[in-house]
Amino acid sequence: MKYISEFREHKLALQLANAIAQTVNPERQYRLMEFCGGHTHAIFRYGIQDLMPDNVEFIHGPGCPVCVLPTGRIDNAIQLAEQHGVILCTYADLMRVPATGRHSLLKAKANGGDIRMVYSTQDALKIARDNPARQVVFFAIGFETTTPPTAVIIRQAQAERLGNFSVFCNHVLTPAAMQAILDVPRPAASAHAPPLLIDAFLGPSHVSTVIGSQPYERFAEQYAKPIVIAGFEPLDVMQSALMLIRQLNEGRHEVENEYRRAVTPQGNLKAQALMREVFELRPYFEWRGLGLIADSALTLKADYADFDAEQRFSLPAIQAADTKGCECPAILRGVKKPQDCKLLGTVCTPENPMGSCMVSSEGACAAYWSYRRNSL
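Residues numbered from 1 in each chain as written. Predicted model: local features only at pLDDT ≥ 70, side-chain atom pairs only at ≥ 80, totals over all residues. Heavy atoms only, no water.

Attention now goes to the overall build of the chain. Along its length, the chain carries 16 helices and 13 strands. Computed over its C-alpha atoms, the radius of gyration of the chain comes to 21 Å, within 12% of the 21 Å expected for a compact globule of 376 residues. In terms of overall dimensions, the chain has a C-alpha envelope of 65 × 45 × 40 Å along the principal axes. By residue count, 56% of the 376 residues in the chain fall in the buried class. Sequence separation of 24 or more characterises 76% of the internal contacts of the chain that already satisfy a separation of 6 or more. Just so you have it, the chain exposes about 16,500 Å², and 51% of that area is on carbon and sulfur atoms. Averaging the locations of the 37 positively and 38 negatively charged side chains of the chain gives two centres separated by 3 Å. (Helix = DSSP H or I, 4+ residues; strand = E, 2+ residues; numbered from the N terminus. Rg over C-alpha atoms; globule rule 2.2 N^0.38 Å. Buried < 20%, exposed > 50% of the residue type's maximum accessible area, 1.4 Å probe, protein only. Contact = heavy atoms within 4.5 Å. Areas by Shrake-Rupley, 256 points an atom, 1.4 Å probe, with all protein chains shown as cover. Lys, Arg positive; Asp, Glu negative; His and termini not counted. Charge placed at Lys NZ, Arg CZ, Asp CG, Glu CD.)

Another point: the packing of aromatic side chains. Centre-to-centre distance and the angle between the planes together describe a pair of aromatic rings. Within the structure shown, the criterion is met by 4 aromatic pairs. When the ring of Y91 is compared with that of F138, the centres are 5.7 Å apart and the planes differ by 85 degrees; the resulting orientation is edge-to-face. Within this pair, whereas Y91 is found in the loop between β3 (87-90) and α5 (105-110), its partner F138 is found in strand β5 (residues 136-142), the two being separated by 47 residues in sequence. On the accessibility criterion, F138 (1% relative accessible area) is buried. Judged by centre distance (5.2 Å) and plane angle (40 degrees), the ring pair of F139 and F168 falls under tilted. In this pair, F139 is assigned in strand β5 and F168 in strand β6 (residues 165-171), connecting sequence segments 29 residues apart. Note on accessibility: F139 and F168 belong to one class, buried. Above the plane of the ring of Y30 lies R28, whose end atom (NZ or CZ) is 4.7 Å from the centre. (Phe/Tyr/Trp six-rings, centres within 6.5 Å; stacked < 30°, edge-to-face > 60°. Lys NZ or Arg CZ within 6 Å of the ring centre and 35° of its normal.)

Following both chains from N to C, one finds helix α2 (residues 37-45) and helix α16 (residues 364-372) inclined at 15 degrees, their axes separated by 9 Å at the closest point. Classed by the angle they form, the pair α2 and α16 counts as roughly parallel. In the packing of α2 onto α16, the handedness of the crossing is right-handed. Along the contact surface, α2 presents T40, H41, F44 and R45, while α16 presents A364, A366, A367, Y368, Y371 and R372. (Axes fitted to C-alpha atoms, helices over the stretch in contact; angles between N-to-C directions. Parallel < 35°, antiparallel > 145°, perpendicular 65-115°, else oblique. Left-handed = near helix turned anticlockwise from the far one by under 90°.)

Let us now look at the pairing of strand β1 (residues 30-36). Counting buried positions along β1 yields 6 of 7 residues, so the element is predominantly enclosed. Judged from the 6 bridges that link them, β1 and strand β2 (residues 56-63) form a sheet pairing that is parallel. Looking at the pairing, M33 lines up with I59 of β2. Note on the crossover from β1 through α2 to β2: the handedness is right-handed. The pairing of β1 with strand β7 (residues 200-203) spans 3 bridges and is classified as parallel. By the bridge assignment for β7, L32 is matched with A200. (Pairing = 2+ DSSP bridges. Right-handed = clockwise from strand over helix to strand, strands pointing away.)

This brings us to the side chain of H60. Within the element layout of this structure, H60 appears in strand β2. Within the structure, H60 has its side chain in polar contact with the side chain of E34 (distance 2.5 Å). For H60, the residues in contact, after removing those within four places along its chain, are M33, E34, T40, F44, I331, L332, G334, K337, P338 and A364. (Polar contact = N/O pair within 3.5 Å; in protein donor to acceptor, adjacent residues only side chain to side chain.)

We now examine the side chain of S356. You can see S356 is positioned in helix α15 (residues 356-359). Among the residues examined, S356 registers a relative accessible area of 0% and is labelled buried. At 3.0 Å, the side chain of S356 forms a polar contact with the backbone oxygen of C67. The residues contacting S356, other than those within four sequence positions of it, are V66, C67, V97, P98, R288 and C328.

Spatially, β2-β1-β7-β8-β9 is the arrangement adopted by the 5 strands of the open sheet, whose pairing is parallel. The open sheet has two free edges, formed respectively by β2 and β9 (255-257), since each of these has just one partner strand. The average angle at which neighbouring strand axes cross in this sheet is 25 degrees, direction not considered. Across 3 bridges, the pairing between β7 and strand β8 (residues 227-229) is parallel. Residue pairing for β8: F201 is matched across the bridge by I227. Contacts from α2 reach β1, β2 and β7 within the one sheet, and its direction differs from that of β1 by about 120 degrees.

Across the chain, the average pLDDT comes to 92, with 94% of residues at 70 or higher. pLDDT under 50 marks residues 187-194. Its contacts with residues more than four places away, or in other chains, come to 4 contacts. (pLDDT = per-residue confidence, 0-100.)

This next bit is on unusual backbone geometry. The backbone phi angle of A224 is positive, close to 55 degrees, even though this residue is not glycine. Relative to the assigned elements, A224 resides in the loop between α10 (217-223) and β8. With phi around 50 degrees, S314 is a residue other than glycine that occupies positive phi space. Turning to its location among the elements, S314 is positioned in the loop between α13 (309-312) and α14 (328-332). The exposure class assigned to S314 is exposed, which follows from its relative accessible area of 60%.

Following this line, the structure appears as structure tokens:
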């Protein structure tokens, strides 16, 4: 298949592995954060870490929208179904994310809540059309990649005057998360907890098709961190790692675009215009593992406020703790890895998840469980 099989060629992978081995400086460490959860799964699935020299390390980042959603927002969604009696439309990944008291949307559905899994935003809009006597809420989540489709259905709902439809908006922004990662104070080194060092970033793929590569330039310049926009296929990841290693060896810190077949410097201008029309920045939004981050999420503009579920149902802001012992917050900051969590593979499994990183199809713990379970 074009643009798939070519980027999974075994012979080319070995050639890239050899090039990386020849390029690294054996006297230094290379700590590369793959920001996106899709990259994390590619690294685990194809054994990319095993093809790297010992001094090249991949650090898992916060690029999984289901993982970074705080527990309180899941509690809000459950409130909509249980207390307000709405038809709540959501993607499958969100169904099993633990909420307060180990509750979840799946358990709320089992208890009688009308919670329906959808495959697209248009599915949710159709449910509203088909049920005019019921309030229908779409649980909108994701980075810039999934934000334009939500903007489309909000515009459609307004044009069709669908008074029974609204959106619970949880769209978040990639650059703000990268800023938070770079600004987090690091603990002092110790024998048991060395400080986290990030030398460079594998920039997200799908997000960058929307926002382009230019928004990352300020991070490369301000923090002197090389960034390479990387595709999701194994050869994409390996080529991007080689590009980062070369930058580090040469003392450069630039934004390079390995994923040129899909990403341009400016991104998708039409999608960006649509987002600006419908959404505006929230002053603050809570991220699991990163806390409150200014200007890091979106909410509906005044012209579309009638379709804002938070306003329609007066949803309260909920501060909720994560499951005790769950290391998802530390994993999302890059401070720990899945194998550092004592719950992984014992009480925490895909059938009985303790945290969002085990639930999401882009979660680091789910990747570790799927591809490295035999090493537990």
